[in-house]
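Tertiary structure, described
Residues per chain, in single letters:
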Amino acid sequence: MIGESAAHDSAHKHVNGEAQYVDDLAALYQPLYVAIGGSAIACGEITSIDLDAVRAAEGVVDVVTVADIPGHSDIGPVFPGDPLLVERIIEFHSQAVFAVLARSQQQARAAVTLAKIEYREDEPVLDIGTAMERESYVRPPYKIARGEVQTALDSAAVRLDSKFSVGGQEHFYLEGQVALAVPGEDGSVTLHSSNQNPTEAQKLVADVLALPMNAVVVETRRMGGGFGGKETQASACCCLAALFAIRNRKAVICRLSRADDMRMTGKRHGFLNRYEAGCDEQGRLTGVRYVLAGQCGNSPDLSDAIVDRAMLHCDNAYYIPAIEVTGLRCKTNTVSNTAFRGFGGPQGLIAAEALMDEIAFKLKQDPLDVRMQNFYTAGGRDVTPYRQTVETATMPIIVEQLEAGSDYRQRRADIRRFNETSTYKKRGIAFTPVKFGISFTAIHLNQAGAIVHLYTDGSVHLNHGGTEMGQGLFIKVAQIVAAELGVSVDAVRVSATRTDKVPNTSPTAASSGTDLNGMAALAACKVLKQRLAAHASGVFGCDVDALAFDTDGVRAGQHAMSWPELANSAWMARVSLSANGYYKTPDIHFDREAGSGRPFYYFANGAAVSEVLLDTLTGECSVVRADIVHDVGQSINPAVDIGQIEGGYIQGLGWLTTEELVWDARGRLLSDGPATYKIPAIGDTPPVFNVQLLENSPNAEATVFRSKAVGEPPLMLATSAWCAIRDAIAAVDNYQTFPRLNAPATAEEILRCIDDLRGI
Amino acid sequence: MNHAQQVDIELIVNHEKINCRVPVRVNLVDFLRNELGLTGSHVGCEQGVCGACTVEVDGTMVRGCLMLAAQADGSTVNTIEGFAESGRAGHLQQAFATHNALQCGFCTPGMLASALEYLEQGGVADRAAIRQHISGNYCRCTGYQAIVDAIEEVAGQTETTDGQ
Ligand code: FES
Ligand code: FES
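No experiment lies behind these values; they were computed from the predicted model shown. (Residues numbered from 1 in each chain as written. Chains lettered and ligands numbered in written order. Predicted model: local features only at pLDDT ≥ 70, side-chain atom pairs only at ≥ 80, totals over all residues.)

1. Details of the overall build of chain B
Cut-off, in case you're wondering: Here a strand is any run of E in DSSP of at least two residues, a helix any run of H or I of at least four, and the numbering for each starts at the N terminus. Computation of the radius of gyration draws on C-alpha atoms, with the globule rule given as 2.2 Å multiplied by the number of residues to the power 0.38. What counts as a contact here is a pair of residues whose C-beta atoms, placed from the backbone, lie within 7 Å.
For chain B, the count of helices and strands is 6 helices and 5 strands. Along its sequence from the N terminus, chain B presents helices and strands in the succession β-β-α-β-β-β-α-α-α-α-α. Since a compact globule built from 164 residues should have a radius of gyration of about 15 Å, the 16 Å found for chain B is in line with a globular shape. A principal-axis box enclosing the C-alpha atoms of chain B has dimensions of 55 × 35 × 20 Å. Sequence-distant contacts, at least 24 apart, represent 59% of the contacts inside chain B between residues at least 6 apart.

Listed below in structure tokens is the structure:
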């Protein structure tokens, strides 16, 4: 209270030697190292646990189990189900049971192997099919429907009913999960974390340690790749590092080995997709019933929203008059799957593309024509199953440009001719579009904050809630700030994302980084600029409208001030040179119960043509050429955007071709390293790769400088490669049978498919 | 084996003579990072596959995670910090930046090392040859196209200079 003689803020620390001076910090930065002990079974319970040998091991400083957690032990981000350390019940192989702190990384990892844990093992559920049979779900099934699907199917001229599986995907960010915790005063802790979601880590660390959120700071300067894998999965390292740091008053690093990272952290959801569909003789859909079943692993994590997004993308760019989509969240005894670039969207979208191919195959049409027949078009055929109206002007332009630029029709004809005479090598080509909804489907996450300071030398400091994982967010927002203020980009410095600078932030996810944080920064700049303009107009004795800002400073007629002069003059006149900005996406809403609303502010569009060459004897297949036209609205930074498109396509290509997750019968991940899990190397990328941004296509919605989000959508362009592989396989029996291809289309899967066609 | 067993080594790192006592089982990249503070070389997979830890030992590019620090006794080692300081990789660094040949940047030091090796061995502006040479370095972000563009550009410049 005011008037109360409250003690000096640090009094209690000065009297016990706890107050930290700069020279004291150095000692803290000599870190200790964490290793995590995981379960040796996938399903069952722990019957006894003996960690004496671990404690006695060389270099070991501390060992913790769930009993040592002072606060909550469940770090589930939305729903419970993710114990930081398990108590008794084991739900997946390598689930964390205890953790060790040692003087070196090697010592910590060596000590972990000395644990003696006994289990009672149950039969694990490892696949979607079994989970479906048992109706074992992490969250209830959910349905979106429009129209009379059964009637549409019954009266359809052509009917199809197919099933295929889509594999999961390991993020394989080159920098694995890592957090450094530094203990502070009064039981507080600061974390340096490779993390897409510092605010959530802050909250969970506070929960685990029974601290208020204001005692925890999480800072993220950059990540060595994220891709969704550090949205919720970065929290565990933060919590363990913080727990040890507080217990031992030492800086602590928790960095997972690559194998532990692959076994202990979640991945992209695998799906089992089924469609029953009907169309007319031209191939135009009349009705579709989808069942999209996602493998969620042992807990909900973000699976509700991920399966929802799959459901919201199984239309892709096509109008489906009558539709019913059921999304299943299957529970398996595997690590809990999580966000991965596209967030379920790719797994839903690929179902629509498989369907288009099958219709074309049945009707013996060019698949591109079938796709074009089914595109959303204005005037009655432009409303999604969830009742959002689609902007229909962009896709036809993209298709036209890509069709011409890639010479699709001619090449398709050439390929058919080649296949007639080539016995063992077959070629295939496919053209697939992408329409991807932009916004978090959890509406409350569509908000952001930023701060902009102008210093008296004219330099600008920018901070916002978005994190930099390589996608170029920091430079894009800096460009936005520079453009709005009129300073050069070099004058703007972006600092690390910190929970004590901009609080209560959303994860950097859903491709929304620039849309949200760019707008927040823009808002801050507007406030600041208004103050500066008012000041300058007073100094110059002119109208605000007469002022012109640019990199040299501000001018009006013969009056001029450089940026340092302006900043200094405003400061002398006691004008605040620091501003906050805030933004929330307008006009979005979704009634999940009714399955209806406008969950997306807008859609990002693109299309790709991929051509593959297949060796039918070995199953080896390579993409020989890819052409892409992609819509990023008005690009803020074309080089960065093209980088996202190229990188996204290649990452999608890996997902659909070489990256295969394999578990043994007991639920142990066998593909737990780069030697057994194959991400694309440069040799796996198409030697001819043409990427174009769609020109003159400002976003119809009022986004930041009319740009469009670009992080996730390009990943789905790689669907064209998967479809092209099927096209090549179909040549094996001269296009008589539709190949039942699953994803990933590994060499083994391709050979299986070919054997299938040959009736072997 | 006793973890604590140590060995004395002497080597030249980035033109500086180093005398050090290291645990026999510490690998070269951990030694460079933790003992010498040369954190530019990264640890991506620890299994010799990704190439993020690529450094130069006696003129050859090696995986720092597959070599023990003890094995580098008597060697000359150069890391990304050394390449940068000596100006050896100046053109490449510039080209990587202008071509946006990096996103998260975690692969970049290793990728640059491989690219440098290509150029210093007389590699020309031939995309197929460049692809072949850097095929052992993973990049999860860029899709590699911009990386090839950058190397191709520098190789092209070198060719022209050589021709003059
Ligand atoms: S860390 Fe050495 S090759 Fe990956
Ligand atoms: S830039 Fe991220 S791994 Fe290459």
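Here the narrative resumes, following the displayed structure.
2. Digging into the overall build of chain A
For clarity, the cut-off: Here exposure depends only on C-beta density: within 10 Å of a residue's C-beta, 20 or more other C-beta atoms make it buried, 12 or fewer make it exposed, and intermediate numbers make it partly exposed, the C-beta atoms being placed from the backbone.
Along chain A, the regular secondary structure elements total 20 helices and 29 strands. Relative to the compact-globule value of 27 Å for 760 residues, chain A shows a C-alpha radius of gyration of 28 Å, a close match. Across its three principal directions, the C-alpha atoms of chain A cover 85 × 80 × 45 Å. When each of the 760 residues of chain A is scored for burial, the buried share is 57%. Looking at chain A alone, contacts between residues at least 24 apart form 79% of all its contacts between residues at least 6 apart.

3. Some thoughts on the environment of A:Trp722
All names here are of chain A. Relative to the assigned elements, Trp722 resides in helix H19 (residues 719–730). Considered as a pair, Trp722 and Phe600 are 122 residues apart in the sequence and their alpha carbons are 27 Å apart. With sequence-adjacent residues up to four places away left out, Trp722 is seen in contact with Ile350, Leu656, Ala743 and Ala745.

4. Some details on the domain arrangement of chain A
Residue and element names in this part refer to chain A. Put simply, the rule is: An automatic or database domain assignment provides the domain bounds reported here. Side-chain classes follow a simple rule in which Ala, Val, Leu, Ile, Met, Phe, Trp, Tyr, Cys and Pro form the nonpolar group, Asp, Glu, Lys and Arg form the charged group, and the remainder, Gly included, forms the polar group.
Structurally, chain A comprises domain 1 (28–123 + 220–255), domain 2 (271–441 + 592–757) and domain 3 (447–584). The C-alpha centroid of domain 3 is placed 42 Å from the C-alpha centroid of domain 1. Taken together, the contacts link 8 residues of domain 1 with 8 residues of domain 3. When grouped by side-chain class, the residues that make up the side of domain 1 that touches domain 3 number 1 nonpolar, 4 polar and 3 charged.

5. Topic: unusual backbone geometry
Excluding glycine, a negative phi dihedral is what most residues carry, and trans is how most peptide bonds are arranged. All names here are of chain A. Following Ala743, the chain continues to Pro744 via a peptide bond in cis, the omega torsion being 0°. We note that Phe172 has phi near 45°; this positive angle belongs to a residue other than glycine. Here Phe172 shows up in the loop between strand E8 (158–166) and strand E9 (178–183). Overall, Phe172 belongs to the buried group, with 25 C-beta atoms counted inside 10 Å.

6. Some details on the interface of chain A and chain B
The interface is formed by 32 residues belonging to chain A together with 27 residues belonging to chain B. The element best represented in the side of chain A that touches chain B is helix H18 (residues 638–657) of chain A, accounting for 7 residues. Tallied by class, the residues present in the side of chain A that touches chain B amount to 16 nonpolar, 12 polar and 4 charged.

7. Digging into the nonpolar core
Going by this rule: By convention the nonpolar core is taken to be a set of buried residues drawn from Ala, Val, Leu, Ile, Met, Phe, Trp, Tyr and Cys and joined through C-beta atoms within 7 Å.
One finds A:Leu292, A:Ile725, A:Ile729, B:Leu112 and B:Ile147 to be the most contacted residues of the largest nonpolar core, which totals 184 residues. Considering each element in turn, this core owes the most residues, 10 residues, to helix H11 (residues 345–363) of chain A. Not counting chain neighbours up to four residues away, the residues in contact with A:Ile725 comprise A:Gly428, A:Val612, A:Leu614, A:Cys621, A:Leu741, A:Ala745 and A:Ile750. Counting 67 residues, the second-largest nonpolar core is a separate cluster that includes A:Leu85, A:Val112, A:Ala251 and A:Met264.

8. Notes on the pairing of strand E13 (residues 271–279) of chain A
Residue and element names in this part refer to chain A. Put simply, the test is: Strand pairing is assigned whenever DSSP detects at least two bridges linking the two strands.
Within E13, 7 of the 9 residues are buried, leaving the element largely enclosed by the surrounding structure. Pairing between E8 and E13: 9 bridges, direction antiparallel. Within the sheet, the bridge partner assigned to Ser165 lies in E13 and is Leu272. Sheet analysis places E13 next to strand E14 (residues 285–297), joined by 9 bridges and oriented antiparallel. Residue pairing for E14: Glu276 is matched across the bridge by Arg289. Where E13 hands over to E14, the hairpin turn is made up of 5 residues, of which Gly283 adopts a positive phi near 95°.

9. Considerations on the domain arrangement of chain B
Residues and elements named next belong to chain B. Once the domains are mapped, chain B shows domain 1 (6–83) and domain 2 (89–163). The distance between the C-alpha centroids of domain 1 and domain 2 comes to 22 Å. Contacts between the two partners involve 14 residues from domain 1 and, on the opposite side, 13 residues from domain 2. Within the residue set of the side of domain 1 that touches domain 2, elements represented by two or more residues are strand E3 (54–57) and helix H2 (80–86). Considering each element in turn, the side of domain 1 that touches domain 2 owes the most residues, 3 residues, to E3. By residue class, the composition of the side of domain 1 that touches domain 2 is 7 nonpolar, 6 polar and 1 charged.

10. Describing the sheet that holds strand E24 (residues 578–584) of chain A
All names here are of chain A. Condition: Only the stretch in contact is used when a helix axis is fitted, and all axes are lines through C-alpha atoms; the angle between N-to-C directions ranges over 0 to 180 degrees.
Reading across from one edge, E19-E18-E17-E24 is the order of the 4 strands in this open sheet, with mixed pairing throughout. For this open sheet the edge positions go to strand E19 (492–494) and E24, each flanked by a neighbour on one side alone. On average, adjacent strands in this sheet sit at an angle of 20° to one another, irrespective of strand direction. Judged from the 5 bridges that link them, strand E17 (residues 447–454) and strand E18 (residues 460–464) form a sheet pairing that is antiparallel. For Ile451, the partnering residue across the bridge sits in E18 and is Asn463.

11. Considerations on helix H1 (residues 28–35) of chain B
Residue and element names in this part refer to chain B. Residues of H1 that are buried include every one of Leu28, Val29, Asp30, Phe31 and Leu32, and no others. Buried residues in H1 make contact with strand E2 (16–23) and E3. Positive phi shows up at Gly37, right after H1, with a value of about 70°.

12. As for the pairing of strand E22 (residues 553–556) of chain A
All names here are of chain A. The pairing of strand E21 (residues 548–550) with E22 spans 3 bridges and is classified as antiparallel. The residue bridging Ala548 from the neighbouring strand is Arg555, located in E22. Two strands pair when backbone bridges link them, and E22 and strand E23 (residues 559–561) are joined in this way by 3 bridges, in the antiparallel orientation. If you follow Ala556 over to E23, its bridge partner there is His559. In textbook terms, the turn of a hairpin is the stretch between consecutive antiparallel strands, and for E22 and E23 this stretch comprises 2 residues, one of which, Gly557, has a positive phi near 60°.

13. Some details on the confidence of the model for chain B
Basically, it comes down to this: pLDDT measures the predictor's confidence residue by residue and takes values from 0 up to 100.
Per-residue pLDDT for chain B has a mean of 93; in total, 95% of the residues score no lower than 70. The ipTM, which scores confidence in the relative placement of chains, is 0.95 for this predicted complex, and the corresponding pTM is 0.96.

14. Considerations on the packing of helix H7 (residues 198–209) of chain A against helix H8 (residues 235–248) of chain A
All names here are of chain A. Defined as follows: Angles below 35 degrees are treated as roughly parallel, those above 145 as roughly antiparallel, those between 65 and 115 as roughly perpendicular, and all remaining angles as oblique. Crossings are assigned a handedness: left-handed for a near helix turned anticlockwise from the far helix by less than a right angle, right-handed for a clockwise turn.
One can describe the packing of H7 onto H8 by two numbers: an axis separation of 9 Å at closest approach and a directional angle of 45°. Judged by the inter-axis angle, H7 sits oblique to H8. Of the two elements, H7 crosses H8, and the hand of that crossing is right-handed. Between H7, through Glu200, Ala201, Leu204, Val205, Val208 and Leu209, and H8, the contact on the second element is made entirely by Ser235, Cys238, Cys239, Ala242, Leu243 and Ile246. Here the residues of the contact of H7 with H8 are counted per class, giving 10 nonpolar, 1 polar and 1 charged.

15. What to know about the sheet that holds strand E15 (residues 322–331) of chain A
Residues and elements named next belong to chain A. Spatially, E7-E15-E14-E13-E8 is the arrangement adopted by the 5 strands of the open sheet, whose pairing is mixed. Every interior strand has two partners, whereas the edge strands, strand E7 (137–146) and E8, have only one. Between one strand axis and the next, the sheet turns through 5° on average, direction left out of account. The strands that H11 touches are E8, E13 and E14; relative to E8, the one it contacts most, it runs at about 140°.

16. Structural notes on the environment of A:Arg274
Residue and element names in this part refer to chain A. Mapped onto the elements of the fold, Arg274 is located in strand E13. Residue class for Arg274 comes out partly exposed when judged on the 15 C-beta atoms lying within 10 Å of it. The contacts of Arg274, once residues within four sequence positions are left out, are Lys163, Tyr290 and Val291.

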